[in-house]
Each structure stands twice: as structure tokens, then as C-alpha cells.
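# Inside the fold
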Amino acid sequence: MADLPQTVAGVGLEDHDTTVATWGDPRIVLRCGVDKPSALEPTSRCDVINDVGWFAEQIEEGWRFTTIGRAGNIEVSVPAMYAPEADALVDLSTAVKKMPVVRPCQ
């Protein structure tokens, strides 16, 4: 959490603790230590952004991205007003890459 950027998708860091960080309003929310998404299957698409694999799910208010293949799961919810929502992952990738790779995207 100490390595998270001060800005994501052009908006400043609002708050963070040991497991959650938020940027902007509406909030971009990063959560550490989440469960594997129920929709994630071995055949699910894995999008790689700056060497980090992500599972993407469209949600009512935007997109939710969850890391794939890292030691522990990180979830990032990005409201549609920050479209393209995946751009937030570019800003977060340096910090996320510090988590060990267990199994890279294939």
C-alpha cells in the first residue's frame, strides 16, 4: 500500500489503510486480499497491462478488475466516468508488480 501512486486516472488519492485505497469522486477503489472472482475460470480472458494480468468484469457503474496469477488478489473498481477504465491499471501497475507472480497469464 505504501507504493500506491498519489494519482490514478488523473485524480488524487483520497484515503487508504492496510487493505483499501480510494481516488477521486466517484471513487476508484483498490482492495487487497479479495477472494478470487466467482466468474474467473481457467479459460477466462487475461488482459496484461504493463506485465500485470487482470480479469475484467463489467459492473453496473463501470468495470471491476482483479489480478490474475499474483500472490494474493487485488481488485480495482473503476467508475465509467474514467473511461477507458483500464487506464487506471496503467497507473497502478508499478505498485502491483511488486507482488510476486505465482502463475503468469497465458
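Refer to the structure presented above.
### Some remarks on the sheet that holds strand β4 (residues 28-32)
In spatial order, the strands read β1-β2-β3-β4-β8-β7-β6-β5; together these eight strands make up an open sheet with antiparallel pairing. For this open sheet the edge positions go to β1 (7-8) and β5 (47-49), each flanked by a neighbour on one side alone. Examined bridge by bridge, strand β6 (residues 52-59) and strand β7 (residues 62-68) share seven bridges and lie antiparallel to one another. Note on β7: the bridge partner recorded for I59 is G62.

### Observations regarding the pattern of salt bridges
Considering all chains together, one arrives at five salt bridges under this definition. Salt-bridge contacts for E75 lead to R31; the nearest nitrogen and oxygen are separated by 3.5 Å. Taken as a pair, E75 in strand β8 (residues 74-79) and R31 in strand β4 lie far apart in primary sequence, 44 residues in all. Close ionic contact of E57 with R64 constitutes a salt bridge, the shortest N to O distance being 3.4 Å. By relative accessible area, which is 17% here, E57 ends up buried.

### A short note on helix α1 (residues 87-96)
Of the residues making up α1, those classed as buried are A88, L89, L92, S93, A95 and V96. Buried residues of α1, seen end-on, are gathered within an arc of 160° and therefore sit on one face of the element.

Reading the values: rules and limits
Sequence order as written defines residue numbering, which begins from 1 separately in each chain. Only residues with pLDDT of at least 70 are given local features in this predicted model, and only at 80 or more are side-chain atom pairs given and counted; all residues enter the totals for whole chains, interfaces and linings. The side-chain figures draw on all heavy atoms in the structure; neither hydrogens nor water molecules are used. Here a strand pair is declared whenever DSSP counts at least two bridges between the two strands. A run of DSSP states H or I qualifies as a helix once it reaches four residues; a run of E qualifies as a strand once it reaches two. Both are numbered from the N-terminal end. Should a side-chain nitrogen of Lys or Arg be within 4 Å of a carboxyl oxygen of Asp or Glu, the pair is scored as a salt bridge. In this scheme, a residue with accessible area under 20% of its type's maximum is buried, one over 50% is exposed, and one in between is partly exposed, where area comes from a 1.4 Å probe on protein chains only. Our arc is simply the arc of the directions from the helix axis toward the C-beta atoms.

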